Amino acid sequence: MRGYVPAYEVKSPETLTEALSILQAQPGKWKPLAGGTDLMVLLESGVLENRNLLNLQGLKELTGISVSPAEITIGALSTFRQILEHDLLKTEFPLLAAAARSIGAIAIQNRATIGGNIANASPAADSPPALIAHDAVIELVSSTGSRRLSYAEFHQGYKKTQLATDELIRAIILPRTQADTGSNDFFFYRKVGTRKAQAISKICFAGRFHPCSPGNLRLVFGSVAPTVLRCIQTEAIIQGGGLDLKTIQKAKDSLTRELSPIDDIRSTAEYRLRVSLNLLEDFLILARQKQSHVELGS
Ligand SMILES: Cc1cc2nc3c(=O)[nH]c(=O)nc-3n(C[C@H](O)[C@H](O)[C@H](O)COP(=O)(O)OP(=O)(O)OC[C@H]3O[C@@H](n4cnc5c(N)ncnc54)[C@H](O)[C@@H]3O)c2cc1C
């Protein structure tokens, strides 16, 4: 049944300090509201339990994309459209740009924020695999200060994150060190859904490979485990064995052990596993071609 709008209370603080003191005064009472593209679906279907919404839209401290020599900082309220239109992000962090392009359709991209996509903590969300593959860092703020942690450690279980009830996501930080490796980086992002737009992922994969720096390999999957998953054991097999066909087969065997897909309304465990293995193979074969080009100097 549809949510009854007058039953909800909304506070719209004008500063981050004000917002954080509201969260601190009544922990767990106020639910942050950013673009509303997840929360309004819950409200519309009558399952938004939290009746007190903290509207973040007035908080300038959570907006903007800033660039320094070491990193790019993306404010939590940045929309996927703003991310897509940022030239440096497109060039240096193409997995994130590809993820942004694959989210919903234009209306959703204009409204949905990166902070909301992360905090919603769905294992099927499209930006988290890209962010983990780019070694993103997340900045959380509360009335008592701020902390930065590796984004890969932020998701702890199904819909469980490290965000405390008095905290907000302030920003996502992307280290520009990977830009130093130049044009030899090979990036691969694939979202498999029912349609090209307005479809939640059945499987989502972000891969990163550098022919001369095996430590830069990243294999990150969405929709195949309780959280978005970086497949560290499978990465280690490639790092130790290279990209010959025998090692690729070993990597696929390892991936089968690392993933734990389920049957749900969008797909089956069997389909998800099979497509994940195909995506891994496609990525590694293309990575091998990239490596041969580099070795031949072409
Ligand atoms: C038609 C449609 C299509 C969609 N397609 C996709 C898709 O293809 N891929 C995909 O990944 N998602 C998709 N979504 C889901 C949604 O658009 C995204 O998850 C979006 O990024 C959520 O951002 P938001 O700003 O709208 O979040 P909101 O709905 O405002 O909030 C979502 C959650 O994040 C919390 N939150 C928001 N900002 C912060 C913050 N700064 N600090 C702490 N907590 C915060 C809120 O409390 C809430 O729990 C779709 C949704 C719709 C309606």
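Residues numbered from 1 in each chain as written. Predicted model: local features only at pLDDT ≥ 70, side-chain atom pairs only at ≥ 80, totals over all residues. Heavy atoms only, no water.

**Points about the overall build of the protein chain**
Regarding its fold elements, the protein chain presents 11 helices and 14 strands. Expressed as lengths along the three principal axes of its C-alpha atoms, the size of the protein chain is roughly 65 × 45 × 30 Å. Across the 298 residues that make up the protein chain, the buried fraction comes to 48%. Within the protein chain, contacts between residues at least 6 apart in sequence are counted, and of these 62% link residues at least 24 apart. Total accessible area on the protein chain is roughly 14,200 Å²; 53% of this is exposed by carbon and sulfur atoms. (Helix = DSSP H or I, 4+ residues; strand = E, 2+ residues; numbered from the N terminus. Buried < 20%, exposed > 50% of the residue type's maximum accessible area, 1.4 Å probe, protein only. Contact = heavy atoms within 4.5 Å. Areas by Shrake-Rupley, 256 points an atom, 1.4 Å probe, with all protein chains shown as cover.)

**Examining the domain arrangement of the protein chain**
It is common to report an interface's size as the accessible area lost on association of the parts. Taken domain by domain, the protein chain holds domain 1 (1-45 + 64-177) and domain 2 (186-295). In this complex, domain 1 contributes 23 residues to the contact, which on the side of domain 2 involves 23 residues. Taken together, both faces of the contact between domain 1 and domain 2 bury some 1,800 Å²; the carbon and sulfur share is 65%. At the boundary of domain 1 with domain 2, the tally comes to nine residue pairs in polar contact (both at pLDDT 80 or more). Looking at the side of domain 1 that touches domain 2 residue by residue, the class counts come to 14 nonpolar, six polar and three charged. (Domains from an automatic or database assignment. Buried area = accessible area lost by both parts, 1.4 Å probe. Polar contact = N/O pair within 3.5 Å; in protein donor to acceptor, adjacent residues only side chain to side chain. Nonpolar A, V, L, I, M, F, W, Y, C, P; charged D, E, K, R; others polar.)

**Focus: the sheet that holds strand E11 (residues 186-192)**
Strand pairing within a sheet occurs via backbone hydrogen bonds; the two strands may be parallel or antiparallel. If you trace the four strands from one edge of the open sheet to the other, you get E11-E12-E13-E14, paired in antiparallel fashion. The open sheet is flanked by E11 and strand E14 (229-230), the only strands paired with a single partner. Here two bridges tie strand E13 (residues 218-222) to E14, and the two strands are oriented antiparallel to one another. When the bridges of E14 are listed, phenylalanine 221 appears paired with leucine 229. (Pairing = 2+ DSSP bridges.)

**Topic: empty space enclosed by the protein**
Scanning all chains against the criterion turns up one cavity of 30 Å³ or more. Ala121, Ser122, Pro123, His155, Gly157, Lys159, Pro226, Thr227 and Val228 together form the lining of the largest cavity. Among the residues making up the lining of the largest cavity, the classes are represented as four nonpolar, four polar and one charged. Viewed by domain, the lining of the largest cavity spans two of them, domain 1 (1-45 + 64-177) and domain 2 (186-295), each represented by three or more residues. (1 Å grid on protein atoms, 1.4 Å probe; cavity = no way out; pocket = protein on both sides within 12 Å on 5 of 7 lines; lining within 4 Å. Points joined across faces, edges and corners; volume = space filled by probe spheres on them.)

**Some points on the pattern of salt bridges**
Close approach of charged atoms lets side chains of opposite charge pair. Inspection of every chain in the model, using the stated rule, returns 12 salt bridges. Note that arginine 208 is salt-bridged to aspartate 135, the shortest N-O span being 3.5 Å. Placement of the pair is arginine 208 in strand E12 (residues 203-209) and aspartate 135 in the loop between helix H8 (127-133) and strand E6 (137-142), with a sequence separation of 73 residues. Residue classification places arginine 208 among the buried positions, given a relative accessible area of 2%. (Salt bridge = Lys/Arg side-chain N within 4 Å of Asp/Glu carboxyl O.)

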